[in-house]
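Understanding the architecture of this molecule
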Amino acid sequence: MYDISIIIPMLNEEQNSRPLYERLSATLAAYGKSYEIVFVDDGSTDKTVEILQSFQKSDSRIVLVQFLRNFGQQAAIIAGIQYSSGRVAVVIDGDLQRPPEAIPILIDKLSEGYDVVYGIRDHRKESWRRRMGSFLLGQLLALMTGDRALTHMSAFTAISEDIVKSLKRHHENEPFYLGLISYLSHGRSASILVQESARLGGATKYNMRRLISLALSFISSSSTLPLRFILVLGGGTAFLTLSGLFIWFILCLSLYGQLRHAGLALILGVLGLLSGLQLVSIGILAEYMRKIYIENRGRPLYIVRRCLKHTSGHGSDEGAIGEQ
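Residues numbered from 1 in each chain as written. Predicted model: local features only at pLDDT ≥ 70, side-chain atom pairs only at ≥ 80, totals over all residues. Heavy atoms only, no water.

1. Some thoughts on the overall build of the protein
We apply this condition: Helix numbers and strand numbers start at the N terminus; a helix is a DSSP run of H or I with at least 4 residues, a strand a run of E with at least 2. Residues are treated as being in contact if the distance between any of their heavy atoms lies within 4.5 Å.
When helices and strands are counted, the protein shows 10 helices and 10 strands. Partitioning the contacts of the protein with sequence separation of at least 6, the portion at a separation of at least 24 is 79%.

2. Topic: the environment of L301
Counting through the fold element by element, L301 comes out in the loop between helix 10 (262–297) and strand 8 (303–310). A C-alpha to C-alpha distance of 7.7 Å links L301 and F71, two positions 230 residues apart in sequence.

3. Some remarks on the nonpolar core
Proteins that are soluble and globular tend to have nonpolar side chains buried together. What counts here: Put simply, buried Ala, Val, Leu, Ile, Met, Phe, Trp, Tyr and Cys residues joined by side-chain atoms within 4.5 Å make one nonpolar core. To sort residues, take the accessible area from a 1.4 Å probe on protein chains only and compare it with the maximum for the residue type: under 20% means buried, over 50% means exposed, and anything in between is partly exposed.
Ranked by size, the top nonpolar core spans 33 residues in total, and within it V65, F67, I159, Y177, I181 and Y302 carry the most contacts. Within the residue set of this core, elements represented by two or more residues are strand 2 (35–41), strand 3 (62–67), helix 3 (73–82), strand 4 (86–91), strand 5 (116–121), helix 6 (161–169), helix 7 (177–185) and strand 8. Broken down by element, the residue count for this core peaks at six residues, all from helix 3. Among the nonpolar cores identified, the runner-up in size contains 32 residues, and F55, I92, L96 and I103 belong to it.

4. What to know about the side chain of S17
Note the threshold: In the analysis that follows, any N or O atom pair within 3.5 Å is treated as a polar contact, provided that within protein one partner can donate a hydrogen and the other can accept it, and provided that, for residues neighboring in sequence, both atoms belong to side chains.
Among the secondary structure elements, S17 is positioned in helix 1 (residues 14–31). In this structure S17 comes out as buried when scored by relative accessible area, which is 0%. A distance of 2.7 Å separates the side chain of S17 from the backbone oxygen of E13, its partner in a polar contact. Not counting residues up to four positions away in its chain, the partners in contact with S17 are M10, T48, I51, L52 and F55.

5. Side note on the packing of aromatic side chains
Stated formally: A pair of aromatic rings is counted whenever rings of Phe, Tyr or Trp (Trp by its six-membered ring) have centres within 6.5 Å, and the orientation is called stacked for planes under 30 degrees apart, edge-to-face for over 60 and tilted otherwise.
Under the definition given, this model contains three aromatic pairs. With 5.5 Å between their ring centres and 90 degrees between their planes, F67 and F71 make a pair best called edge-to-face. Look at F71 and you get buried, because its relative accessible area is 19%.

6. Quick word on the packing of helix 6 against helix 7
Quick reminder of the rule: The axes are straight lines fitted to the C-alpha atoms, using for helices just the contacting stretch, and the angles between their N-to-C directions are given from 0 to 180°. Under this scheme an angle from 65 to 115 degrees is roughly perpendicular, one under 35 degrees roughly parallel, and one over 145 degrees roughly antiparallel; angles in between are oblique. Take the far helix as the reference: if the near one is turned anticlockwise from it by less than a right angle, the crossing is left-handed, and if turned clockwise, right-handed. Each residue gets one label: Ala, Val, Leu, Ile, Met, Phe, Trp, Tyr, Cys and Pro are nonpolar, Asp, Glu, Lys and Arg are charged, and the others, such as Gly, are polar.
Where helix 6 meets helix 7, the closest approach of the two axes is 10 Å, and the angle between their N-to-C directions is 120 degrees. One element, helix 6, and the other, helix 7, form an angle in the oblique class. The element helix 6 and its partner helix 7 pack so that their crossing is right-handed. Across the interface between the two elements, I163, S166 and L167 of helix 6 pack against Y177, L180, I181, L184 and S185 of helix 7. Among the residues making up the contact of helix 6 with helix 7, the classes are represented as six nonpolar, two polar and no charged.

7. A closer look at helix 6
Going by this rule: Arc definition: it is the arc formed by the directions from the helix axis to the C-beta atoms.
Among all positions in helix 6, only I163, V164 and L167 are buried. In an axial view of helix 6, the angular spread of the buried residues amounts to 105 degrees, which keeps them on one side of the axis. Facing away from the buried surface of helix 6 by more than 90 degrees, the exposed residues are D162 and R169. In the core, the buried residues of helix 6 are packed alongside helix 3, strand 4, strand 6 (157–159) and helix 7.

8. Comments concerning the pairing of strand 3
Here is the rule we go by: Any two strands with at least two DSSP-identified bridges between them are counted as paired. Handedness of a crossover is defined as follows: orient the strands so they point away from the viewer, and if the path from the first strand over the helix to the second runs clockwise, the crossover is right-handed.
Strand 3 sits mainly inside the fold: six of its six residues count as buried. Residues I62, L64 and Q66 point to one face of strand 3 and V63, V65 and F67 to the other, with burial holding for every one of them. As paired elements, strand 2 and strand 3 share five bridges and run parallel to each other. Across the sheet, the residue bridging to I37 is I62, located in strand 3. For the segment spanning strand 2, helix 2 (residues 48–58) and strand 3, crossover handedness is right-handed.

9. Focus: the pattern of salt bridges
A side chain of one charge can pair with a side chain of the opposite charge if their charged atoms are brought near each other. Test applied: Salt bridges are counted wherever a side-chain nitrogen of Lys or Arg sits within 4 Å of a carboxyl oxygen of Asp or Glu.
With the rule as written, the count across this model stands at seven salt bridges. The residue D3 makes a salt bridge to R87 at a minimum N-O spacing of 3.1 Å. Placement of the pair is D3 in strand 1 (residues 2–10) and R87 in strand 4, with a sequence separation of 84 residues. Close ionic contact of R98 with D93 constitutes a salt bridge, the shortest N to O distance being 2.8 Å.

10. Details of the side chain of D95
As for its placement among the helices and strands, D95 is situated in the loop between strand 4 and helix 4 (103–110). Polar contacts involving the side chain of D95 include one to the main-chain amide nitrogen of Q97, which spans 3.1 Å.

11. Here's the deal with helix 4
In an α-helix there are 3.6 residues to a turn, and that puts residues three or four apart on one side. For helix 4, the set of buried residues is I103, P104, L106, I107 and L110. In an axial view of helix 4, the angular spread of the buried residues amounts to 160 degrees, which keeps them on one side of the axis. Residues of helix 4 that are buried make contact with strand 1, helix 1, strand 4, strand 5, strand 6 and strand 7 (189–194).

Have a look at this one:
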(Lines give C-alpha, C1' and ligand atoms only; values in the text may rest on other atoms or scores of the structure.)
Protein backbone atom coordinates (compact mmCIF):
# COMPACT_ATOMS: atom_id res chain seq x y z
CA MET A 1 0.00 0.00 0.00
CA TYR A 2 1.22 3.47 -0.89
CA ASP A 3 1.29 6.41 1.49
CA ILE A 4 -0.44 8.70 -0.97
CA SER A 5 -2.74 8.30 -3.97
CA ILE A 6 -3.08 11.25 -6.33
CA ILE A 7 -6.44 11.16 -8.12
CA ILE A 8 -6.65 13.12 -11.39
CA PRO A 9 -9.77 13.18 -13.61
CA MET A 10 -8.73 13.90 -17.20
CA LEU A 11 -10.82 15.05 -20.16
CA ASN A 12 -9.08 16.30 -23.31
CA GLU A 13 -5.97 17.53 -21.48
CA GLU A 14 -3.30 16.58 -24.00
CA GLN A 15 -1.61 19.98 -23.67
CA ASN A 16 -1.46 19.74 -19.88
CA SER A 17 -0.68 16.03 -19.37
CA ARG A 18 3.10 16.10 -19.69
CA PRO A 19 3.74 19.29 -17.65
CA LEU A 20 1.36 17.99 -14.99
CA TYR A 21 3.12 14.62 -14.78
CA GLU A 22 6.58 16.19 -14.65
CA ARG A 23 5.66 18.66 -11.91
CA LEU A 24 3.83 15.98 -9.93
CA SER A 25 6.72 13.53 -10.15
CA ALA A 26 9.27 16.14 -9.08
CA THR A 27 7.15 17.31 -6.16
CA LEU A 28 6.31 13.84 -4.84
CA ALA A 29 9.85 12.53 -5.27
CA ALA A 30 11.15 15.42 -3.17
CA TYR A 31 8.43 14.83 -0.56
CA GLY A 32 9.87 11.40 0.20
CA LYS A 33 6.69 9.36 0.72
CA SER A 34 5.56 6.45 -1.41
CA TYR A 35 2.90 7.41 -3.91
CA GLU A 36 0.84 6.40 -6.91
CA ILE A 37 -0.82 8.59 -9.51
CA VAL A 38 -4.27 7.45 -10.65
CA PHE A 39 -5.27 9.08 -13.93
CA VAL A 40 -8.94 8.62 -14.83
CA ASP A 41 -9.67 9.34 -18.48
CA ASP A 42 -13.27 10.54 -18.75
CA GLY A 43 -13.80 9.77 -22.42
CA SER A 44 -11.15 12.00 -23.99
CA THR A 45 -11.30 12.44 -27.76
CA ASP A 46 -7.81 13.92 -28.23
CA LYS A 47 -4.40 12.34 -27.55
CA THR A 48 -4.73 12.39 -23.76
CA VAL A 49 -5.01 8.58 -23.47
CA GLU A 50 -1.97 7.94 -25.66
CA ILE A 51 0.13 10.32 -23.58
CA LEU A 52 -1.04 8.78 -20.30
CA GLN A 53 -0.31 5.29 -21.63
CA SER A 54 3.27 6.31 -22.35
CA PHE A 55 3.61 7.46 -18.74
CA GLN A 56 2.12 4.22 -17.43
CA LYS A 57 4.50 2.03 -19.44
CA SER A 58 7.58 3.71 -18.01
CA ASP A 59 6.43 4.45 -14.45
CA SER A 60 5.25 1.64 -12.16
CA ARG A 61 3.46 4.14 -9.93
CA ILE A 62 0.99 5.13 -12.64
CA VAL A 63 -2.53 3.68 -12.78
CA LEU A 64 -4.65 4.52 -15.83
CA VAL A 65 -8.40 4.01 -15.60
CA GLN A 66 -10.10 4.59 -18.94
CA PHE A 67 -13.87 5.12 -19.12
CA LEU A 68 -15.92 3.70 -21.97
CA ARG A 69 -17.34 7.20 -22.56
CA ASN A 70 -17.73 10.49 -20.76
CA PHE A 71 -19.42 10.03 -17.36
CA GLY A 72 -18.48 13.36 -15.79
CA GLN A 73 -15.89 14.67 -13.36
CA GLN A 74 -17.74 13.49 -10.26
CA ALA A 75 -17.83 9.89 -11.49
CA ALA A 76 -14.16 10.12 -12.46
CA ILE A 77 -13.16 11.27 -8.97
CA ILE A 78 -15.11 8.46 -7.30
CA ALA A 79 -13.64 5.91 -9.72
CA GLY A 80 -10.12 7.14 -9.02
CA ILE A 81 -10.64 6.74 -5.29
CA GLN A 82 -12.12 3.27 -5.70
CA TYR A 83 -9.17 2.15 -7.84
CA SER A 84 -6.58 3.73 -5.55
CA SER A 85 -4.48 1.87 -2.99
CA GLY A 86 -2.99 4.71 -0.95
CA ARG A 87 -3.67 5.40 2.70
CA VAL A 88 -4.64 9.00 2.01
CA ALA A 89 -5.76 10.55 -1.27
CA VAL A 90 -5.35 13.91 -2.94
CA VAL A 91 -7.72 14.99 -5.71
CA ILE A 92 -6.43 17.53 -8.19
CA ASP A 93 -7.70 18.65 -11.61
CA GLY A 94 -5.66 18.03 -14.72
CA ASP A 95 -5.66 21.63 -15.94
CA LEU A 96 -2.73 22.84 -13.76
CA GLN A 97 -4.78 25.70 -12.34
CA ARG A 98 -4.01 24.30 -8.89
CA PRO A 99 -0.26 23.85 -8.32
CA PRO A 100 0.94 20.27 -7.71
CA GLU A 101 3.66 21.79 -5.53
CA ALA A 102 1.00 22.51 -2.88
CA ILE A 103 0.18 18.80 -2.39
CA PRO A 104 2.74 18.26 0.44
CA ILE A 105 1.25 21.26 2.28
CA LEU A 106 -2.24 19.72 2.11
CA ILE A 107 -0.98 16.34 3.34
CA ASP A 108 1.04 17.89 6.20
CA LYS A 109 -2.07 19.77 7.28
CA LEU A 110 -4.09 16.56 7.05
CA SER A 111 -1.65 14.83 9.42
CA GLU A 112 -2.62 17.29 12.16
CA GLY A 113 -5.77 15.24 12.72
CA TYR A 114 -8.17 16.51 10.05
CA ASP A 115 -10.26 14.32 7.77
CA VAL A 116 -10.36 16.80 4.88
CA VAL A 117 -8.11 19.67 3.85
CA TYR A 118 -9.41 21.99 1.14
CA GLY A 119 -7.20 23.95 -1.20
CA ILE A 120 -8.94 27.34 -1.24
CA ARG A 121 -8.41 29.32 -4.42
CA ASP A 122 -6.74 32.68 -3.83
CA HIS A 123 -7.14 34.64 -7.07
CA ARG A 124 -9.41 33.00 -9.64
CA LYS A 125 -8.21 33.07 -13.26
CA GLU A 126 -11.61 32.60 -14.92
CA SER A 127 -14.30 34.57 -16.73
CA TRP A 128 -16.72 36.58 -14.62
CA ARG A 129 -19.59 34.24 -15.60
CA ARG A 130 -17.69 31.20 -14.35
CA ARG A 131 -16.65 33.04 -11.18
CA MET A 132 -20.24 34.11 -10.52
CA GLY A 133 -21.59 30.59 -11.14
CA SER A 134 -18.95 29.01 -8.88
CA PHE A 135 -19.58 31.65 -6.20
CA LEU A 136 -23.33 31.02 -6.16
CA LEU A 137 -22.84 27.24 -6.11
CA GLY A 138 -20.28 27.58 -3.32
CA GLN A 139 -22.69 29.68 -1.27
CA LEU A 140 -25.40 27.09 -1.84
CA LEU A 141 -23.12 24.25 -0.73
CA ALA A 142 -22.08 26.16 2.39
CA LEU A 143 -25.74 26.88 3.23
CA MET A 144 -26.82 23.26 2.76
CA THR A 145 -23.85 21.65 4.53
CA GLY A 146 -22.79 24.29 7.06
CA ASP A 147 -19.20 23.94 5.81
CA ARG A 148 -17.97 27.47 5.03
CA ALA A 149 -14.89 26.12 3.24
CA LEU A 150 -17.18 25.20 0.35
CA THR A 151 -17.88 28.87 -0.40
CA HIS A 152 -14.57 28.77 -2.30
CA MET A 153 -15.20 25.29 -3.59
CA SER A 154 -12.48 23.39 -5.39
CA ALA A 155 -11.93 19.68 -5.94
CA PHE A 156 -8.29 20.20 -4.86
CA THR A 157 -8.50 18.31 -1.58
CA ALA A 158 -6.63 15.88 0.63
CA ILE A 159 -8.71 13.25 2.43
CA SER A 160 -7.82 10.91 5.28
CA GLU A 161 -7.69 7.13 5.27
CA ASP A 162 -11.08 6.91 7.01
CA ILE A 163 -12.75 9.08 4.36
CA VAL A 164 -11.09 7.06 1.58
CA LYS A 165 -12.48 3.84 3.05
CA SER A 166 -15.94 5.38 3.43
CA LEU A 167 -15.97 6.58 -0.18
CA LYS A 168 -14.93 3.14 -1.42
CA ARG A 169 -18.00 1.69 0.31
CA HIS A 170 -20.26 4.44 -0.95
CA HIS A 171 -22.61 3.77 -3.86
CA GLU A 172 -24.70 6.54 -5.37
CA ASN A 173 -25.73 7.07 -8.97
CA GLU A 174 -25.25 10.84 -8.91
CA PRO A 175 -22.54 11.52 -6.34
CA PHE A 176 -21.18 14.97 -5.58
CA TYR A 177 -17.65 14.65 -4.26
CA LEU A 178 -17.43 17.86 -2.20
CA GLY A 179 -20.84 17.25 -0.65
CA LEU A 180 -19.88 13.68 0.26
CA ILE A 181 -16.60 14.51 1.96
CA SER A 182 -18.21 17.41 3.82
CA TYR A 183 -20.89 15.03 5.10
CA LEU A 184 -18.39 12.30 6.01
CA SER A 185 -15.90 14.60 7.74
CA HIS A 186 -18.51 16.07 10.13
CA GLY A 187 -16.65 19.37 10.31
CA ARG A 188 -13.19 17.84 10.90
CA SER A 189 -11.76 19.89 8.07
CA ALA A 190 -9.25 22.65 7.43
CA SER A 191 -8.25 24.77 4.47
CA ILE A 192 -5.16 26.41 3.02
CA LEU A 193 -4.85 29.21 0.47
CA VAL A 194 -3.61 28.07 -2.92
CA GLN A 195 -2.49 30.46 -5.63
CA GLU A 196 -4.49 29.69 -8.76
CA SER A 197 -2.87 29.90 -12.19
CA ALA A 198 -4.43 30.40 -15.58
CA ARG A 199 -5.22 27.21 -17.50
CA LEU A 200 -2.07 26.13 -19.35
CA GLY A 201 -3.91 24.75 -22.36
CA GLY A 202 -7.28 23.50 -23.54
CA ALA A 203 -10.68 24.78 -22.48
CA THR A 204 -12.63 24.54 -19.24
CA LYS A 205 -15.16 21.72 -19.07
CA TYR A 206 -17.61 23.59 -16.84
CA ASN A 207 -20.07 26.18 -18.11
CA MET A 208 -23.11 27.75 -16.45
CA ARG A 209 -25.39 24.93 -17.61
CA ARG A 210 -23.17 22.28 -16.03
CA LEU A 211 -22.86 24.27 -12.81
CA ILE A 212 -26.66 24.54 -12.56
CA SER A 213 -27.01 20.81 -13.25
CA LEU A 214 -24.40 20.10 -10.58
CA ALA A 215 -26.24 22.29 -8.08
CA LEU A 216 -29.58 20.58 -8.75
CA SER A 217 -27.98 17.15 -8.44
CA PHE A 218 -26.35 18.09 -5.14
CA ILE A 219 -29.55 19.53 -3.66
CA SER A 220 -31.72 16.58 -4.61
CA SER A 221 -29.17 14.02 -3.38
CA SER A 222 -28.29 15.63 -0.07
CA SER A 223 -31.29 17.46 1.32
CA THR A 224 -35.07 17.38 1.59
CA LEU A 225 -35.29 21.07 2.47
CA PRO A 226 -36.79 22.04 -0.92
CA LEU A 227 -39.70 19.67 -0.28
CA ARG A 228 -40.38 21.36 3.05
CA PHE A 229 -39.96 24.71 1.35
CA ILE A 230 -42.89 23.83 -0.94
CA LEU A 231 -45.13 23.42 2.12
CA VAL A 232 -43.97 26.70 3.62
CA LEU A 233 -44.22 28.49 0.28
CA GLY A 234 -47.71 27.19 -0.39
CA GLY A 235 -49.00 27.99 3.09
CA GLY A 236 -47.40 31.43 3.14
CA THR A 237 -48.69 32.31 -0.32
CA ALA A 238 -52.21 31.21 0.54
CA PHE A 239 -52.16 33.29 3.73
CA LEU A 240 -50.80 36.42 2.02
CA THR A 241 -53.22 36.05 -0.90
CA LEU A 242 -56.28 35.73 1.34
CA SER A 243 -55.07 38.56 3.56
CA GLY A 244 -54.42 40.79 0.54
CA LEU A 245 -57.84 40.09 -0.94
CA PHE A 246 -59.54 40.77 2.37
CA ILE A 247 -57.71 44.09 2.81
CA TRP A 248 -58.46 45.08 -0.79
CA PHE A 249 -62.17 44.36 -0.36
CA ILE A 250 -62.30 46.36 2.86
CA LEU A 251 -60.53 49.36 1.29
CA CYS A 252 -62.73 49.33 -1.80
CA LEU A 253 -65.89 49.16 0.25
CA SER A 254 -64.71 51.81 2.70
CA LEU A 255 -63.48 54.30 0.07
CA TYR A 256 -65.82 53.69 -2.85
CA GLY A 257 -68.73 51.73 -1.40
CA GLN A 258 -68.25 49.06 -4.06
CA LEU A 259 -65.67 46.80 -5.62
CA ARG A 260 -64.07 48.59 -8.58
CA HIS A 261 -62.58 47.10 -11.77
CA ALA A 262 -59.15 46.90 -10.20
CA GLY A 263 -60.42 43.90 -8.27
CA LEU A 264 -60.49 41.87 -11.50
CA ALA A 265 -56.87 42.72 -12.23
CA LEU A 266 -55.93 41.75 -8.69
CA ILE A 267 -57.67 38.41 -8.99
CA LEU A 268 -55.98 37.69 -12.32
CA GLY A 269 -52.63 38.62 -10.79
CA VAL A 270 -53.19 36.29 -7.86
CA LEU A 271 -54.16 33.47 -10.22
CA GLY A 272 -50.98 34.03 -12.20
CA LEU A 273 -48.90 34.00 -9.02
CA LEU A 274 -50.49 30.79 -7.81
CA SER A 275 -49.99 29.16 -11.21
CA GLY A 276 -46.31 30.08 -11.14
CA LEU A 277 -45.91 28.69 -7.62
CA GLN A 278 -47.58 25.47 -8.70
CA LEU A 279 -45.18 25.08 -11.61
CA VAL A 280 -42.18 25.72 -9.33
CA SER A 281 -43.48 23.14 -6.86
CA ILE A 282 -44.06 20.58 -9.60
CA GLY A 283 -40.53 21.23 -10.88
CA ILE A 284 -39.01 20.58 -7.44
CA LEU A 285 -41.02 17.40 -7.06
CA ALA A 286 -40.01 16.32 -10.56
CA GLU A 287 -36.32 16.73 -9.69
CA TYR A 288 -36.72 14.38 -6.72
CA MET A 289 -38.72 11.94 -8.83
CA ARG A 290 -35.91 12.00 -11.41
CA LYS A 291 -33.43 11.22 -8.63
CA ILE A 292 -35.53 8.26 -7.44
CA TYR A 293 -35.86 7.02 -11.03
CA ILE A 294 -32.10 7.14 -11.60
CA GLU A 295 -31.35 5.35 -8.32
CA ASN A 296 -33.95 2.64 -8.93
CA ARG A 297 -32.81 2.12 -12.51
CA GLY A 298 -29.62 0.64 -11.13
CA ARG A 299 -27.23 1.61 -13.92
CA PRO A 300 -23.55 1.79 -12.94
CA LEU A 301 -22.04 5.16 -12.07
CA TYR A 302 -19.37 4.52 -14.68
CA ILE A 303 -18.17 1.78 -17.04
CA VAL A 304 -14.44 1.16 -17.36
CA ARG A 305 -13.04 0.21 -20.75
CA ARG A 306 -9.75 -0.88 -19.17
CA CYS A 307 -7.49 -0.33 -16.19
CA LEU A 308 -3.74 -0.30 -16.72
CA LYS A 309 -1.42 -0.76 -13.77
CA HIS A 310 1.89 -2.48 -13.04
CA THR A 311 1.93 -5.73 -11.09
CA SER A 312 4.99 -6.79 -9.12
CA GLY A 313 7.05 -4.28 -11.04
CA HIS A 314 6.87 -6.32 -14.28
CA GLY A 315 4.80 -5.03 -17.13
CA SER A 316 1.24 -3.89 -16.67
CA ASP A 317 -2.05 -5.50 -15.83
CA GLU A 318 -4.90 -4.67 -18.18
CA GLY A 319 -8.45 -5.44 -17.30
CA ALA A 320 -11.84 -4.44 -18.64
CA ILE A 321 -13.64 -3.95 -15.37
CA GLY A 322 -17.09 -3.32 -16.81
CA GLU A 323 -19.22 -2.09 -13.93
CA GLN A 324 -18.63 -0.60 -10.53
